[in-house]
Amino acid sequence: MVLRRAEAEGYNSGDRTLDQTMTLAALNAELHKVLPDAQLLAARLPGLEELELWLLDPANLDRAFASDETRRLLEHPPYWGFCWGSGLALARWVLDHPEQVRGKRVLDFGAGSGVVALACKLAGAASVIACDLDQPAQLACALNARCNDMRLEIAGDYFAVSGRLDLIIAADVLYDAENRPLLDHFAQRATAVLIADSRVRTLDHPPYQRQQILPGRTWPDLGEPEEFRQVSLYAAGAALHHA
């Protein structure tokens with residue numbers, strides 16, 4: 001893994017680095033509301049070296065947290081500062097099966113850091129929408145897109161996205177029971193749907209069927225049990241055709 005610290009000074013105000021630096025500063029400010037001494041670092045992850053993401057510095061997690069920090073982490077977790085195991089697994093799968101997204105219009109629901117959206121773009125998707133209600137997550141997707149010299153569409157409201165969708169993808173969204181009704185909407189709206197989840201082993205929700213078990217590890221490492229490093233991949237519609 002390669003880490004690169006943000007440069008606070010020395011950028012050229014005449015190029016894209018200015019916008020990236022401002023976005024990074026805004027995200028670090030959001031992070032400091034939860035962990036005042038934390039920072040984001042640019043990292044290439046083991047098993048996903050094609051992409052670079054701005055993620056929480058692992059050193060910030062290698063200590064005991066005060067009670068008020070724990071409370072803030074539980075109330076406002078900076079989930080966009082992690083590459084979650086299901087997202088990493090799905091991003092790896094997309095890069096290994098580019099024919100599944102090539103030339104398609106894709107929406108990444110609950111995009112977080114944007115890792116899966118970026119994998120789709122790198123694999124040749126015609127357009128990719130990174131959709132997340134959380135404004136810092138939207139900033140993280142935009143920052144990580146710039147970091148990888150890619151362009152993503154950013155959306156905050158799934159129901160406000162118009163037009164045809166060839167593929168909807170989502171990672172680690174089934175933990176929230178309120179998201180389950182969306183599975184039916186996804187299957188009706190898009191030609192194909194892919195869902196990756198590290199917690200749900202059996203999804204009894206036709207037309208979704210489990211296709212594979214993928215390895216996935218969250219970074220920075222949260223010390224998750226081995227069972228949560230096994231990611232179930234579910235598909236509906238034309239997804240995984242000829243995969």
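Figured I'd write up the structure that's included with this text.

Quick notes on the rules
- Residues numbered from 1 in each chain as written.
- Predicted model: local features only at pLDDT ≥ 70, side-chain atom pairs only at ≥ 80, totals over all residues.
- Heavy atoms only, no water.
- Helix = DSSP H or I, 4+ residues; strand = E, 2+ residues; numbered from the N terminus.
- Buried < 20%, exposed > 50% of the residue type's maximum accessible area, 1.4 Å probe, protein only.
- Lys, Arg positive; Asp, Glu negative; His and termini not counted.
- Salt bridge = Lys/Arg side-chain N within 4 Å of Asp/Glu carboxyl O.
- Polar contact = N/O pair within 3.5 Å; in protein donor to acceptor, adjacent residues only side chain to side chain.
- Contact = heavy atoms within 4.5 Å.
- Pairing = 2+ DSSP bridges.
- Axes fitted to C-alpha atoms, helices over the stretch in contact; angles between N-to-C directions.
- Right-handed = clockwise from strand over helix to strand, strands pointing away.
- Expected span 1.5 Å × (residues − 1).
- Phe/Tyr/Trp six-rings, centres within 6.5 Å; stacked < 30°, edge-to-face > 60°.

Our next topic: the side chain of Asp-132. On the secondary structure map, Asp-132 appears in the loop between β5 (127–131) and α5 (135–147). Within the buried set, Asp-132 has no salt-bridge partner at all; the shortest N-O distance to an opposite charge, 15 Å, is to Lys-33. Looking at Asp-132, its side chain comes within polar contact range of the main-chain nitrogen of Ala-111, at 3.3 Å. Sequence-distant contacts of Asp-132, defined by excluding residues within four places in its chain, comprise Tyr-79, Gly-110, Ala-111, Gly-112, Ala-137, Gln-138, Ala-155 and Gly-156.

So, on to the side chain of Ser-198. Take Ser-198: it is sitting in the loop between β8 (190–197) and β9 (209–215). For Ser-198, a relative accessible area of 2% gives the class buried. A polar atom in the side chain of Ser-198 sits 2.9 Å from the side chain of Arg-199. Setting aside residues no more than four positions away along its own chain, Ser-198 makes contact with Ser-86, Asp-172, Glu-227, Phe-228, Gln-230 and Val-231.

Let's shift gears to the sheet that holds β5. Taken in spatial order, the 7 strands make up an open sheet running β6-β5-β4-β7-β8-β10-β9, and their pairing is mixed. Edge strands, defined here as strands with exactly one partner in the open sheet, are β6 (153–155) and β9. For this sheet the average axis-to-axis angle between neighbouring strands, irrespective of direction, equals 20°. Relative to β6, β5 runs parallel, the two being bridged by 3 bridges. Opposite Cys-131, over in β6, you have Ala-155 as the bridge partner.

Taken across its 7 residues, strand β7 (residues 165–171) has 7 buried, putting it largely inside the fold. Both strand β4 (residues 105–109) and β7 contribute to a ladder of 4 bridges, which runs parallel. Its bridge partner being in β7, Val-106 is matched across the sheet by Leu-167. Note: β7 against β8, 6 bridges, orientation parallel. The partner of Leu-165 across the bridge, within β8, is Ala-190. The handedness of the β7 to β8 crossover, carried by helix α6 (residues 180–189), is right-handed.

Right, let's get into helix α3 (residues 85–96). Its 12 residues give α3 an end-to-end C-alpha distance of 16 Å, which sits within 8% of 16 Å, the value for a rise of 1.5 Å per residue. Among the residues making up α3, those that are buried are Gly-85, Ser-86, Gly-87, Leu-88, Ala-89, Leu-90, Ala-91, Trp-93, Val-94 and Leu-95.

Attention now goes to the pairing of β5. Within a regular strand, side chains alternate between the sheet's two faces. Within β5, 5 of the 5 residues are buried, which leaves the element mostly enclosed by the surrounding structure. Burial along β5 is two-sided: Ser-127, Ile-129 and Cys-131 and Val-128 and Ala-130, pointing in opposite directions, are all buried. Pairing analysis gives 5 bridges linking β4 to β5, with the strands arranged parallel. Within β5, the residue paired with Asp-108 across the bridge is Ala-130. Where the polypeptide runs from β4 across helix α4 (residues 115–122) and back to β5, its parallel neighbour, the crossover connection is right-handed. Following the backbone out of β5, through α5 and into the adjacent parallel β6, one traces a crossover that is right-handed.

Taken as a whole, this structure holds 5 aromatic pairs when the rule is applied. Plain terms: the ring middles of Phe-109 and Phe-186 are 5.2 Å apart, the flat faces sit at 65° to each other, and that makes the pair edge-to-face. Here Phe-109, found in strand β4, pairs with Phe-186, found in helix α6; they are 77 residues apart in sequence, far enough to count as distant. Across the pair, exposure class does not vary: Phe-109 and Phe-186 are buried alike. Aromatic pair Tyr-158 and Phe-186: ring centres 5.4 Å apart, planes at 80°, arrangement edge-to-face. Highlighted residues: Tyr-158 in the loop between β6 and β7 and Phe-186 in helix α6, separated in sequence by 28 residues. Residue class for Tyr-158 comes out buried when judged on its relative accessible area of 3%.

A word on the environment of Leu-222. Residue placement: Leu-222 occurs in the loop between β9 and β10 (230–237). Judged by relative accessible area, Leu-222 falls into the partly exposed class, the value being 40%. The spacing of Leu-222 and Pro-58 is 164 residues in sequence and 9.3 Å in space, taken between C-alpha atoms. Setting aside its immediate chain neighbours within four residues, Leu-222 contacts Leu-61, Phe-82 and Trp-84.

Note that every value here comes from positions in space, so none of it alone points to a role or purpose.
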